[in-house]
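Chain by chain, the residues:
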Amino acid sequence: MRTTMLHRLRVSLVLGLLAFVVLALTGCFGGRPGSPRALFRASMLEGVIPFTVGFDGSLSFDPDGKIVSYNWDFGDDAIGSGVMVSHTFEDNGAFLVQLTVIDEHGNSHSSPLVVHALNPLPTAAFSHSREDVDFVIVREAITFDASESTDDEPIEIYTWDFGDGRTATGDKVTHRFKAKEGRTRRIVTVTLTVTDNDGGEASTYKEIEVVGGLPCNRPSEGGNS
Ligand SMILES: [Ca+2]
C-alpha cells in the first residue's frame, strides 16, 4: 500500500511539474495570453551625428505561435521593418526607438529604447589683417575674421573679447586698440567664442602685441573707436 501511495505522489509531482512547464512555455504566467514579446538590442545608444545604429530584434518571441512582422519606429519620422535593421541619425536629440512585433493572430507588443544623438561642437579659429607682422599699432584699424571657424551647420553667434575691456559680435569685425599713457608696448589677448544653433560653444585666442603710446602731455584716450 505504501509503495502505491509513493507512486501516486511521484506521478502527481511529475504531472504538476509538466503543467508548470507548459504554462511557462505558453506564456500563461503574467501578461496577456498569446501576446508576442518585443525585445531588441542596439549596437550603440549614443553618438555624434551623423551615426548609424544597428538594431537586432531577434530576441523577440511569441509563446504560442510565431512573429510575422517586426516594425521599427526610429523616433525621428523614419520607420523600418525586418528582424535586423540599421538607421542613421542625422539630427541631434533624444529619440525614442520602438520595436513592435505582431504574431499570426494579429496580437502585438512594443518595446521602447532611447538613443541620444549628440550635436557636433563647432571649432573656433580666426585671423587678423596684421598677421604679416608681429605687432599692431595703436589706433590702427585691424580687421578680425572668424570665417575659418567650422561647424556641421552655420555658426549662429561670433563673440569677440579684445582684452581691453571692449567686445563685439560678428564673423568679421574691425577694432582699434587704444593708446595708454606711459605704455608703448603691451600684450592683449583677443578671444573669439563661436556658438552654433544648438548652443554648442568653442573658443580660441591670440596674444597680440600693441605698440605705441600717447603723445607727450596727452591724457589716456576714452570712449569707443
Ligand atoms: Ca553643431
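Predicted, not measured: the structure shown is a model, and the values here were computed from it.

Criteria and thresholds
Residues numbered from 1 in each chain as written. Predicted model: local features only at pLDDT ≥ 70, side-chain atom pairs only at ≥ 80, totals over all residues. Heavy atoms only, no water. Donors = N, O, S within 2.8 Å, 3.2 Å for Na, K, Ca; no water. Tetrahedral: all angles 85-135°; square planar, octahedral: opposite > 155°, others 65-115°. Helix = DSSP H or I, 4+ residues; strand = E, 2+ residues; numbered from the N terminus. Buried < 20%, exposed > 50% of the residue type's maximum accessible area, 1.4 Å probe, protein only. Pairing = 2+ DSSP bridges. Axes fitted to C-alpha atoms, helices over the stretch in contact; angles between N-to-C directions. Core = buried A, V, L, I, M, F, W, Y, C linked by side-chain atoms within 4.5 Å. Contact = heavy atoms within 4.5 Å. Salt bridge = Lys/Arg side-chain N within 4 Å of Asp/Glu carboxyl O. Polar contact = N/O pair within 3.5 Å; in protein donor to acceptor, adjacent residues only side chain to side chain.

1. A closer look at the coordination of the calcium ion
Around the calcium ion, the protein contributes the donor atoms Asn119 (OD1), Pro120 (O), Asp151 (OD), Asp151 (OD), Asp152 (OD) and Asp196 (OD), at 2.4 to 2.7 Å from the metal centre. In this structure, the calcium ion is surrounded by 6 donor atoms whose angles at the metal cover 49 to 164 degrees, and the resulting shape is irregular. Coordination of the calcium ion draws on donor residues from a single chain, spaced N-P-x30-D-D-x43-D in sequence. Taken together, the positions of Asp152 in the loop between strand E11 (142-145) and strand E12 (157-161) and Asp196 in the loop between strand E15 (185-195) and strand E16 (201-211) put the pair 44 residues apart, joining distant regions of the chain. What makes Asp152 partly exposed here is its relative accessible area of 39%.

2. Looking at the sheet that holds strand E4 (residues 67-73)
In space, the 5 strands of this open sheet follow the order E2-E8-E7-E4-E5, with mixed pairing throughout. In the strand order of this sheet, the two ends are held by strand E2 (46-48) and strand E5 (79-81), each with one partner. The mean angle between the axes of side-by-side strands here comes to 25 degrees, regardless of whether they run parallel or antiparallel.

3. Thoughts on the nonpolar core
Within the largest apolar cluster, 22 residues are counted, with the highest numbers of intra-cluster contacts made by Phe144, Trp160, Phe177, Val190 and Leu192. Ranked by residue count, the leading element in this core is E15, at 4 residues. Apart from the residues lying within four places of it in its own chain, the contact partners of Leu192 are Ala124, Ala125, Phe126, Ala146, Ser149, Tyr158, Thr159, Trp160, Ala202, Ser203 and Thr204.

4. Quick word on the pairing of E12
Here E12 shows a clear split, with Tyr158 and Trp160 buried on one side and none of Ile157, Thr159 and Asp161 buried on the other. Both E12 and strand E13 (residues 167-169) contribute to a ladder of 3 bridges, which runs antiparallel. Looking at E13, one finds that Trp160 is bridged to Ala168. As consecutive antiparallel partners, E12 and E13 are separated by 5 residues, and within that stretch Gly163 has a phi angle of approximately 75 degrees, a positive value.

5. Observations regarding the pattern of salt bridges
A complete count under the given rule lists 7 salt bridges for this structure. Across the pair Glu131 and Lys206 runs a salt bridge, and its minimum N-O distance is 2.7 Å. One end of the pair, Glu131, is in the loop between strand E9 (127-128) and strand E10 (135-137); the other, Lys206, is in strand E16, and 75 residues separate them in sequence. Across the salt bridge formed by Glu209 and Arg185, the nearest N and O atoms sit 2.7 Å from each other. Of the two residues, Glu209 sits in strand E16 while Arg185 sits in strand E15, which places them 24 residues apart along the sequence. Judged by relative accessible area, which is 22%, Glu209 ranks as partly exposed. The network of salt bridges with common partners includes Arg130, Asp132 and Glu140.

6. As for the pairing of strand E3 (residues 51-56)
Where strand E1 (residues 41-42) lies against E3, 2 bridges are found, and the strand directions are antiparallel. If you follow Arg41 over to E3, its bridge partner there is Asp56. In terms of strand pairing, E3 meets strand E6 (residues 84-89) through 6 bridges, oriented antiparallel. Across the sheet, residue Thr52 finds its bridge partner in E6, namely Thr88.

7. Description of unusual backbone geometry
Residue Pro50 follows Ile49 across a cis peptide bond; omega there is -5 degrees. Among the secondary structure elements, Pro50 is positioned in the loop between E2 and E3. Positive phi is not limited to glycine here, since Asp77 has a value of about 75 degrees. Tracing the sequence through the fold places Asp77 in the loop between E4 and E5.

8. Points about the side chain of Asn119
As for its placement among the helices and strands, Asn119 is situated in the loop between strand E8 (108-118) and E9. One polar contact links Asn119 to Asp196, side chain to side chain, over a distance of 2.9 Å. Other than its neighbours up to four places away in sequence, Asn119 contacts Asn92, Asp152, Asp196, Asp198 and Gly200.

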